[in-house]
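Residue-level structural notes
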Amino acid sequence: MSKFINSRIISVQKENDQVSSFLIHPVPDGFSLRKPGQYLLLKLSLATVWSPAHPFTLTGSLDEENLKITVKKIGDFTT
């Protein structure tokens, strides 16, 4: 799948020194039936270029109006 939707990270919650949760809005239409444990491919806008796509697991519930992912610092991209 190569369909990308422009969304924004609207909130960051630091869970501990290694883990942070991010709220993303708006929720793309295709995620209306999302379930925790599924993943999305995330690309970040870095000045005039886009980062490579990286997979992140959804951690929020269906009743939330935002997508939530929780990320642990493991490599260059997540650090």
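Scroll up for the structure.
Now for a look at the structure at hand.

Basis of the calculations
Residues numbered from 1 in each chain as written. Predicted model: local features only at pLDDT ≥ 70, side-chain atom pairs only at ≥ 80, totals over all residues. Heavy atoms only, no water. Core = buried A, V, L, I, M, F, W, Y, C linked by side-chain atoms within 4.5 Å. Buried < 20%, exposed > 50% of the residue type's maximum accessible area, 1.4 Å probe, protein only. Helix = DSSP H or I, 4+ residues; strand = E, 2+ residues; numbered from the N terminus. Contact = heavy atoms within 4.5 Å.

**A closer look at the nonpolar core**
Among the nonpolar cores identified, the biggest contains 8 residues, and these are Ile24, Leu40, Leu42, Phe56, Leu58, Leu67, Ile69 and Val71. With 3 residues, the single largest contributor to this core is strand S7 (residues 67–72). Among residues more than four places away in sequence, those in contact with phenylalanine 56 are Gln38, Tyr39, Leu40, Leu42, Ile69, Val71, Phe77 and Thr78.

**Here's the deal with unusual backbone geometry**
Here the amide bond leading from histidine 25 into proline 26 is cis, since omega sits at 0 degrees, within 30 degrees of zero. Looking at the element boundaries, proline 26 is found in the loop between strand S2 (19–25) and strand S3 (39–42). Even without being a glycine, alanine 47 presents a positive backbone phi close to 60 degrees. Tracing the backbone shows alanine 47 in the loop between strand S4 (45–46) and strand S5 (49–50). When its relative accessible area of 77% is taken as the criterion, alanine 47 is described as exposed.

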